[in-house]
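# Close look at the chain arrangement
Now for the letters of each chain:
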Amino acid sequence: MKITDLFVKASKNVPVDEQATNAKLLIQAGYVHKEMAGVYAYLPLGLMVIENIKQIVRDEMNKIGSNELIMTSLQRKELWERTNRWSDQEVDVWFKSHLKNGTEVGFGWSHEEPITDMMRNYVSSYRDLPQYVYQFQTKLRNELRAKSGIMRGREFVMKDLYSYSLTDKDHDKFYQETIDAYNRIFDRVGLASSTHFTYASGGAFTQFSHEFQTECEAGEDIIHLDRKSKVAINDEILSDAMIKGLKINASNLEKIKTAEVGNIFSFGSKKSEQLGLYYTDGKGAKKPVILGSYGIGITRLMGVIVEKFADGKGLIWPESIAPFRVYLATIGDDKDVHHSAKKLYEFLQKEGVAVLYDDRDLRAGEKFATCDMLGIPYRLVVSEKTIKNKKFEFKKRSNIEVEFVNQNDLENLLAIKS
Ligand code: ATP
Ligand code: MG
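Worth saying up front: this structure is predicted, and the values here are computed from it rather than measured.

## A short note on the sheet that holds strand S4 (residues 74-76)
Strand order in the open sheet made by the three strands is S4-S6-S5, with antiparallel pairing throughout. Both outer strands of the open sheet, S4 and strand S5 (96-98), are each paired with one neighbouring strand and no more. Going from strand to strand, the sheet's axes swing by 45° on average, the running direction of each strand aside. Of the pairings in the sheet, the one linking S5 to strand S6 (residues 104-107) comprises three bridges and is antiparallel in character. Residue pairing for S6: Lys96 is matched across the bridge by Gly106.

## Things to note about the environment of Asp409
Checked against the element boundaries, Asp409 lands in helix H12 (residues 407-413). It is 9.4 Å that separates the C-alpha atoms of Asp409 and Lys391, two residues lying 18 residues apart in sequence.

## Focus: the nonpolar core
Ranked by size, the top nonpolar core spans 59 residues in total, and within it Leu26, Tyr31, Met61, Tyr182, Phe186, Leu301 and Trp317 carry the most contacts. Each of two domains, domain 1 (3-309) and domain 2 (326-413), supplies a minimum of three residues to this core. Ignoring anything within four residues of it in the chain, the contact list for Tyr31 reads Leu26, Ala41, Tyr42, Leu43, Leu45, Gly46, Val49, Leu315, Trp317, Pro323 and Leu374. Counting residues in each nonpolar core, the second largest holds 20 residues, with Leu344, Tyr378, Phe394 and Leu414 among its members.

## Structural notes on the site of ligand 1
Near ligand 1 lie 13 residues; those nearest to it are Arg141, Glu143, Arg152, Gly153 and Glu260. Here an oxygen atom of ligand 1 and a backbone polar atom of Gly297 are 3.3 Å apart. Protein chains bury 82% of the 580 Å² of accessible surface belonging to ligand 1 in isolation. Sort the elements by how many residues they give to the shell around ligand 1 and strand S13 (residues 254-268) lands first, with four residues. Among the residues making up the shell around ligand 1, the classes are represented as four nonpolar, four polar and five charged.

## Description of the pattern of salt bridges
Within this structure, the stated rule accounts for 34 salt bridges. For Glu60, the salt bridge identified is with Arg188, shortest N-O distance 2.8 Å. Remark: Arg188 occurs in helix H5 (residues 168-188) and Glu60 occurs in helix H2 (residues 44-63); sequence separation between them is 128 residues. A relative accessible area of 1% means that Glu60 is categorised as buried. Judged by its relative accessible area of 33%, Arg188 is partly exposed. With its nearest N and O atoms 2.8 Å apart, the salt bridge here joins Arg360 to Asp358. Taken together, the shared-partner salt bridges connect Asp59, Glu60, Lys63, Arg184 and Arg188 into one network.

## Examining the domain arrangement of the protein chain
Entries for the protein chain in the domain assignment read domain 1 (3-309) and domain 2 (326-413). Taken over C-alpha atoms, the centre of domain 1 sits 39 Å from the centre of domain 2. Taken together, the contacts link nine residues of domain 1 with nine residues of domain 2. Between domain 1 and domain 2 the total buried area reaches about 790 Å² when both faces are included, carbon and sulfur atoms providing 71% of it.

Reading guide: rules and limits
- Residues numbered from 1 in each chain as written.
- Chains lettered and ligands numbered in written order.
- Predicted model: local features only at pLDDT ≥ 70, side-chain atom pairs only at ≥ 80, totals over all residues.
- Heavy atoms only, no water.
- Pairing = 2+ DSSP bridges.
- Helix = DSSP H or I, 4+ residues; strand = E, 2+ residues; numbered from the N terminus.
- Axes fitted to C-alpha atoms, helices over the stretch in contact; angles between N-to-C directions.
- Core = buried A, V, L, I, M, F, W, Y, C linked by side-chain atoms within 4.5 Å.
- Buried < 20%, exposed > 50% of the residue type's maximum accessible area, 1.4 Å probe, protein only.
- Domains from an automatic or database assignment.
- Contact = heavy atoms within 4.5 Å.
- Near = heavy atom within 4 Å.
- Polar contact = N/O pair within 3.5 Å; in protein donor to acceptor, adjacent residues only side chain to side chain.
- Areas by Shrake-Rupley, 256 points an atom, 1.4 Å probe, with all protein chains shown as cover.
- Nonpolar A, V, L, I, M, F, W, Y, C, P; charged D, E, K, R; others polar.
- Salt bridge = Lys/Arg side-chain N within 4 Å of Asp/Glu carboxyl O.
- Buried area = accessible area lost by both parts, 1.4 Å probe.

Laid out in structure tokens, this is it:
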């Protein structure tokens, strides 16, 4: 894509009413538009990043045998009353409204209740199980505070997966498969070493739920991590965890600021009993279905990645989720320079490399500043000098030094097989 065809331009203006680094940078670079506190629109570049993250998550969800669907945003009060989660005392983030006829409705902040109720239409026998379904959905939550930019939105994209299993044993197996899938996801977005599987509050008979917590100064959580044995405990349950007999050596625990990027939860059969989701087993006995729920905050993840990798010049995206892999610019107004750059642009496009071509008539410094702010992993420059030497100027966003590479080197660096 040519940068002149791209909506929207990066700007040097730092938004005054924004406190969070992630939102400041994303707004400046033209990825995100702030509608109001905690409510952000995703502009083309921002949407590309979201879609790239979603594609990785989708790939891993499909690998564990789950099916994508999409539930509704408007939800029935009666379902949430049955599980005692309609009242604002129980759930303090509800947005609610009512239909013209007065019927109260809720805006989806989570989907266990409607999805479980929906399953009643499709599950009646043991032959109908297991079922694993997931969605990407914009959740609406009336969060009290929204000071963390896109890391805590009142409107945000979540991936939520729900598992319906026959037995506790089947459930545990899938629960572990999901943990493995989550680890692969966080690895693929560049957060493997900084994301920790963490014991947290809640969960039916397991006594705990589990969170995926990423080390991040801008995060709102605190965990206690034993790096050696790879056990982490959310600060909220540290004393509980000791009581419940988790094997932890207090002297090895490191206290770390983190952001919760994922949360997985076993509900046991409680919710199915409350909502009436039963199956008949091989002997004709009626049994409640075992439910698990597994979230990943897609837009929070994007914010965490911004916070962790950005530098003084702007964003830095891991290659796996960057909106473009290569930024291509020319220096000078020479005809040959433009011709050579155009050829390279067309070559990269042909090879399926996502390339952003800066065809603006600006000084090199200004173009490079844009490239840095956008956070594109590789910068390629064509100039009179590079043409004379039959090379291209190549730089990684995270490096300071430039390299001069020939066509062959470039193809290797970008893993182009031609
Ligand atoms: P938190 O404790 O941060 O409020 P939560 O326990 O309410 O999170 P869940 O209901 O488990 O979160 O939601 C699943 C995932 O969605 C979380 O792990 C997090 O990554 C993300 N998430 C939750 N609330 C928000 C929000 N307001 N904005 C952005 N992402 C969110
Ligand atoms: Mg919350």
